[in-house]
Amino acid sequence: MTRFRPCIDLHRGAVKQIVGSSLKDDGSLPQTNFESDQPAAYFAELYRKDGLTGGHVIQLGPGNGEAAAQALAAYPGGLQIGGGLNPENAGRWLELGASHVIVTSWLFDAAGCFSRDRLTQLLAEVGPERLVIDLSCRVKNGGWVVAMDRWQKETDLWLNPEMLELLSES
C-alpha cells in the first residue's frame, strides 16, 4: 500500500521546498524548488481535512516558530515537529499540538560525536513513544553516515545493524 506523508518545510517563516544541501549557515539563500504564498497553517488544515497522518513540520533555521505553532494548531495531534528540538523545548511543542518531536542534531556534540547522554535526557522529557530520531544520511566510503546541522556536517554515527538495534529502543 502506498501512503502519502505530508510535509511542511519552513524557512524564515515561509513554506518552501529547499534543495537540502544548499541550506548553509553562511547567510546565502538556499536553492528552492518551490515557495508557497500560503502559510503553513493552510497546508496543515488541508492535511487535517484529508485525514493525512504521519506528516511533519520542519523548521529549517531560525524564524519559524510562529508559523510552526500555527500549523500545529490547525492540525492538533496530526503533525510531528522537527528543527532545533532539545529537552528544554520539546515538551512545549508537544503541548502546542505536535504528535511527536523529531531530533537529529541535538543528539550530537559540537564535534559531531553521538551522545547517549543527550538521547537519555530527551527520552526522559518526551518518552520513546513521542520521539522520532531522524537519521538523515550521506553515502561515504561505501556506508551511510548521519549528517547534522541541516545536512552540513557529518557525524561519527554510522548506520549499521548494531546502531539501528541500539536506537530502536528509543
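Quick note: structure is the one above.
The paragraphs below set out a description of the structure included in this document. Note that this is a predicted model, so its numbers are computed, not measured. Along every chain, residues carry numbers that run from 1 in the direction the sequence is written. Residue-level local features of this predicted model are given only where pLDDT is at least 70; pairs of side-chain atoms are given and counted only at 80 or more, and the full residue set underlies all totals for whole chains, interfaces and linings. Note that water and hydrogens are dropped before the side-chain values are worked out from all heavy atoms of the structure.

Even without glycine at this site, Arg12 takes up a positive phi of about 55°. The way it works is that DSSP assigns letters per residue, a run of H or I at least four long becomes a helix, a run of E at least two long becomes a strand, and they are numbered from the N terminus. Position of Arg12 among the secondary structure elements: in the loop between β1 (7-11) and β2 (14-18). Positive phi is not limited to glycine here, since Asn141 has a value of about 50°. The topology assignment puts Asn141 in the loop between β8 (137-140) and β9 (143-148). Summary of the burial criterion: residues with accessible area below 20% of their type's maximum are buried, those above 50% are exposed, and those between are partly exposed, where the area comes from a 1.4 Å probe applied to protein chains only. Its relative accessible area of 73% is what places Asn141 among the exposed residues.

Below, the discussion takes up the pairing of β8. Judged from the 4 bridges that link them, β8 and β9 form a sheet pairing that is antiparallel. Bridge pairing links Val139 to Trp144 in β9. Here β8 folds back onto β9 in antiparallel fashion, the turn holding 2 residues, of which Asn141 has a positive phi close to 50°. At least two DSSP bridges between two strands are needed for those strands to be called paired.

Another point: the environment of Thr155. Assignment of secondary structure puts Thr155 in strand β10 (residues 153-158). The sequence separation of Thr155 and Gly112 amounts to 43 residues, and the corresponding C-alpha distance is 4.3 Å. For the purposes of these results, a polar contact is taken to be a pair of N or O atoms within 3.5 Å, where, inside protein, one atom must be able to donate a hydrogen and its partner to accept one; residues adjacent in sequence count only when each atom of the pair is a side-chain atom. A distance of 3.1 Å separates the side chain of Thr155 from the backbone nitrogen of Leu157, its partner in a polar contact.

Quick look at the packing of helix α3 (residues 87-95) against helix α4 (residues 116-126) now. At a minimum axis separation of 9 Å, α3 and α4 run at an interaxial angle of 30°. On the basis of their axis angle, the class for α3 and α4 is roughly parallel. Considering only the axes of α3 and α4, their crossing is right-handed. Facing α3, whose interface residues are Pro87, Ala90, Gly91 and Leu94, α4 presents Gln121, Leu122, Glu125 and Val126. Helix axes are fitted to C-alpha atoms over the stretch in contact, other axes to C-alpha atoms as well, and angles between N-to-C directions run from 0 to 180 degrees. For this classification, under 35 degrees means roughly parallel, over 145 means roughly antiparallel, 65 to 115 means roughly perpendicular, and everything else is oblique. Each crossing gets its hand from how the near helix is turned against the far one by less than a right angle, where anticlockwise is left-handed and clockwise is right-handed. We call two residues in contact whenever any of their non-hydrogen atoms come within 4.5 Å of each other.

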